[in-house]
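# Observations on the model geometry
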Amino acid sequence: EDKILHMLANSSGNILDDSELISTLADSKTTSTQVNEQVRQAEETKILIDDACEGYRPVATRGSILYFVVADLGGVDPMYQYSLQYFMHQFHLSMQKTDKNPDLEVRVESLIVRCTADIYTNICRGLFEKDKKLFSFLILVQMMRNAGTITQAEWSFFLNKGGMVNEARLPNNPCSEWLPKSVWGAVQNLQTLKGFDHFAGSIIAAGDDWRAWYESDRPFAEPLPGRWQKSLNRFQRLLVLRTIREEKVVEAVNDFILGEMGTHFVESPPFDLSASYKDSNPTTPIVFVLSPGADPTGYLLLLADSLGVRERLRMISLGQGQGPIAQKMMEAARDVGDWVLLGNCHLAASWMPELEKLLEQQNTMKLHEDFRLWLTSMPSKAFPVSVLQSGIKLTNEPPKGLRANVKRTYEDMTEKQLESCSKPGPYKKLMFGVAFFHAVCQERRKFGPIGWNIPYEWNQSDIQTAQANLKMYLDEQDEVPYETLRYVLGDVNYGGRITDVWDQRCARSILAQYIDPAIMDDKYKFTEDGVYYAPPEGDILSYRAYIDQLPLQDTPQVFGLHRNANITFEAKETRYLIDTIISTQPKAGGTGDGEGPDQVVSNLVEMIQNKMPPRLLKNGADPSTFAVDEAGAMNSMGTFLLIEMAKFNKLLARIDKTLGEMDRAIRGLVVMSADLEGMYSAFLYQRVPDLWSSVAYLSQMPLGSWFKDLSARVAFLNGWIMDGPPAAFWMSAFFFPQGFMTAALQSHARAMQIAIDTLDFRTEVRRETLDDIMGKPEAGVYIYGLFLEGARWDSDDGILAESNPGELFTPMPVILLEPIILEIDKPVVDEDEEDDDDYGRPPGDGDPTYNVYACPLYKVSSRAGTLSTTGHSTNFVRMLDVPTAHPPLH
């Protein structure tokens, strides 16, 4: 263009006579035509490229779904950190491994299947067993939500069962004989979802069929009654189970994943250290995420042997002062290609920033290609996030199940160790009993508080110490010292880890079954079905053969528990699954009728404000409530009541204030603080906000039930204030029931002029119902509102009895707590003497055929709490002596 313009400006005469100019113009036209053609071809190529890219969009969509599920795992455990760079690298590797195919649809489908499976396998190797099923489920749910198969309303219902139920508006429940009120309320919420019209009516119409489904051991495997099996998809059928048989959700989720995605996503990938090593490089650390009882060092030594680098493996356990030594070890190893194992990084939290800096510097260095850095750590927030995101994470948990646990003990034992005792017969029998006890102790943890109040972390060092102690005492003593062994193993060896006094009693009771002279008899069985016993004396192979034929599935009876414990275990797993999913969710919510999250929270705020109970005041109180004695001191029960009033008024004030703040924040009048954000999320998922629970009593109820319970507690205390001390006291109403017990004893001590430290309560379970109690007892107090877990009260015989199937909690009748002088009236309970006369019924009943079980009383069923100076949990109230036909060790 410049040349043409220059020639035109300097041309003289007739430009048609300028041949050079004419030639240049012709060339320009040809060039312009070529350029236009190239532009056209480029536009066509762009369309083809865009079409090809669009064809691969499903792969990109699947990649984004997988990444955000992986990113959300960071909210589950601090060790589950993965960077986008790491994810993209793994995703690209999967794409490269996928077989090529000229057919675009086949190619895209192959990429989706391969990348999904590979990402699952790669991420799973760094997850604990309890979270692998959660990971599969979240992948599947997000895929189905993206496809529109699962609606937002359905997903919200799965998490919160439709929100708070207004029991005042619940229709009559014709199936109340077998369908609890809480389930009936959830059914009403369920039928507000699209596709569930008239669901409650169908339950009423086909009550027998639904009851059979409800009482099935595997309802998720049974077809739904009526039209629902065909009219609902898999996830909708899962919602039915979430509504009616909540404790079976985890098993149903496993079935759901299996049906939608296949076996690969329900089976845990095997622990493959060599594969992880092949995926690593000198700048990529390999992180072993530890769990109690797991030690990956042996696997690393085997890998080092197979690759010929055992002599070049340097190991150090981190701790105080070990950081600089580890740094020098790393600096020396990266130049010569050695391996370095830094163990227990969680014990060197202060050195972790320095480790992070060293690894950042390594990224810019030239490292020996054989250099590898191995790290082990328990889950810890102090572990550097950048190291977790860039490293390869692995977990290796100890075996699950009683058989696998006992098998591990005997696989670690040699024939020489088994034959090393001077009393081989007793040693082999008792050693199997100890191994069985070790397995029972560990496996009882899965049952939650009914297994152990606190989940203690026993490991292989405990069984090894027990084995050494057993051998030592058998070698040193002429006779088998059963009592000494029970004390050393139960109270010192295993009991040394136990901090709860009632757990210590439980451990002693369990051990007594295995360290017993009867175990020497080959006919002695550990369980009633005769499956478990100490096998006859033999070599190590005979013991391993016996262990291999034991059942894979453990029944609760093996652990000394009722079969209802399985329901407790399933409910615990379901709560963990739902709570963990909620912890990963963004702020969202809604109901089946299209309400947004703001409207849901706003409605809850308004409903609670309208039903707020009044503050507790002394004005108008009955004269007897806060009566004073001749010395001018208020009666002990009145003092206790004043303390309770102050606590409840503080809670009510907090609720009232935060509800007003939440209302203004939703309307945009004030900024929503972090505390209000937490309260907002809690309302969406029917949880009690931390703002309230921090000043409230212990409770495990969801928001709706919690507020109803709060109103009932306030009403009870208000009745006490206005009408005077009641004939019977609702124990569950108090913040601090231990204070009530002390106040009741103090009242008796003052009345009788006796020192309070010489008094205690005698327990007498009454035959009367609450309605039958017309007046106060002559001495002591009547209490009610208690529930039994793990047993039931037989009102006909007046004793503790085995639970009925399916009944986890049963109410206790009214109980009389009668003050007695310890030295005179208190019966001495010796739980080791089953037929001792001291086990007779409490004074007044006079039937020596009954035993007495010292039953611990807790505020809530979690049992665990803060360890107080008394040696008991703050959740523990006191011990109640309850009659039973069974020996206390039962």
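Residue numbers here run from 1 along each chain, matching the order of that chain's written sequence. The model is predicted, so local features are restricted to residues of pLDDT at least 70 and side-chain atom pairs to those at 80 or more, both for listing and for counting; the totals for chains, interfaces and linings are taken over all residues. Only hydrogens and water are set aside; all other atoms, that is, all heavy atoms of the structure, feed into the side-chain values.

Two measures define how a pair of helices packs: the angle their axes make with one another and the distance between the axes. As a rule, the C-alpha atoms of each element are fitted with a line to give its axis, helices using only the stretch in contact, and angles between N-to-C directions run from 0 to 180 degrees. The way it works is that DSSP assigns letters per residue, a run of H or I at least four long becomes a helix, a run of E at least two long becomes a strand, and they are numbered from the N terminus. Between helix α21 (residues 424–443) and helix α24 (residues 501–514), the shortest axis-to-axis distance is 9 Å and the interhelical angle comes to 150 degrees. For the element pair α21 / α24, the angle class is roughly antiparallel. Crossing angle aside, the handedness with which α21 passes α24 is right-handed. Between α21 and α24, the residues in contact are L430, G433, F436, F437 and V440 and A507, I510, L511 and Y514, respectively. Residue classes in the contact of α21 with α24 are distributed as eight nonpolar, one polar and no charged. Our angle categories are set so that under 35 degrees counts as roughly parallel, over 145 as roughly antiparallel, 65 to 115 as roughly perpendicular, and the remainder as oblique. Helix crossings are classified by the rotation of the near helix relative to the far one: an anticlockwise turn of less than a right angle makes the crossing left-handed, while a clockwise turn makes it right-handed. By definition, residues are in contact when any of their heavy atoms lie within 4.5 Å. Three classes are used, and their members are as follows: Ala, Val, Leu, Ile, Met, Phe, Trp, Tyr, Cys and Pro are nonpolar, Asp, Glu, Lys and Arg are charged, and the others, Gly among them, are polar.

A few words on the nonpolar core. One broad rule of soluble globular proteins: the nonpolar side chains tend to lie buried together. Ranked by size, the top nonpolar core spans 193 residues in total, and within it F137, F158, I244, L342 and W692 carry the most contacts. No other element matches helix α28 (residues 636–666), which puts 11 residues into this core. Apart from residues no more than four positions distant in its own chain, L342 is found in contact with I316, L318, A326, M330, W351, L355, L373, W374, L375 and T376. Working definition of a nonpolar core: buried Ala, Val, Leu, Ile, Met, Phe, Trp, Tyr and Cys residues. They are joined through side-chain atoms within 4.5 Å. When a residue's accessible area, from a 1.4 Å probe over protein chains only, is under 20% of the maximum for its type it is buried; when over 50% it is exposed; and in between it is partly exposed.

Right, let's talk about unusual backbone geometry for a bit. Here the phi dihedral of H198 falls at roughly 60 degrees; this positive angle occurs in a residue that is not glycine. Along the chain, H198 falls in the loop between α8 (181–190) and α9 (199–205). Since its relative accessible area comes to 65%, H198 is described here as exposed. Positioned with a positive phi, Q753 is a non-glycine residue whose angle comes to about 55 degrees. Locating Q753 in the fold gives a position in the loop between α32 (737–752) and β7 (759–765).

What follows is about the sheet that holds strand β4 (residues 372–377). Paired strands are those between which DSSP finds at least two bridges. If you trace the five strands from one edge of the open sheet to the other, you get β2-β3-β4-β1-β5, paired in parallel fashion. Looking at the sheet topology across the chains shown, the edges are occupied by β2 (313–317) and β5 (392–395). Averaged over all pairs of adjacent strands, the angle between strand axes in this sheet comes to 20 degrees, irrespective of strand direction. The sheet contact formed by strand β1 (residues 286–289) and β5 spans four bridges and is parallel. Residue pairing across strands places V289 opposite T395, the latter belonging to β5. Each of β2, β3 (339–343) and β4 touches helix α15 (residues 297–307); the most contacted strand, β3, lies at about 175 degrees to it.

This part takes up the environment of I547. Assignment of secondary structure puts I547 in helix α25 (residues 540–548). For I547, a relative accessible area of 0% translates into the label buried. In sequence terms I547 and A404 are 143 residues apart; their C-alpha atoms lie 8.5 Å from each other. When near neighbours in sequence (up to four residues on either side) are disregarded, I547 contacts R403, V406, K407, Y410 and F432.

Working definition: rings of Phe, Tyr and Trp (its six-membered ring) pair if their centres are within 6.5 Å, and the pair is stacked with planes under 30 degrees apart, edge-to-face with planes over 60 apart, and tilted otherwise. Using the criterion set out here, one finds 60 aromatic pairs in the structure. Judged by centre distance (6.0 Å) and plane angle (10 degrees), the rings of Y120 and F135 are stacked. Note that Y120 is positioned in helix α5 (residues 104–124) and F135 in helix α6 (residues 129–147), a separation of 15 residues in sequence. For F135, a relative accessible area of 0% corresponds to the buried category. Ring geometry for W720 versus F729: centroids 5.1 Å apart, planes at 70 degrees, classification edge-to-face. One aromatic cluster is present, built from ring pairs that chain together Y410, F432, F436, Y514, Y524, F526, Y532, Y533, Y543 and Y546. Look at NZ for Lys and CZ for Arg. If either is within 6 Å of the ring centre and within 35 degrees of the ring normal, a charge sits over the ring. Sitting over the ring of Y214, R245 keeps its end group 5.8 Å from the ring centre. Taking the ring centre of Y697 as reference, the NZ or CZ of R713 above it sits at 3.6 Å.

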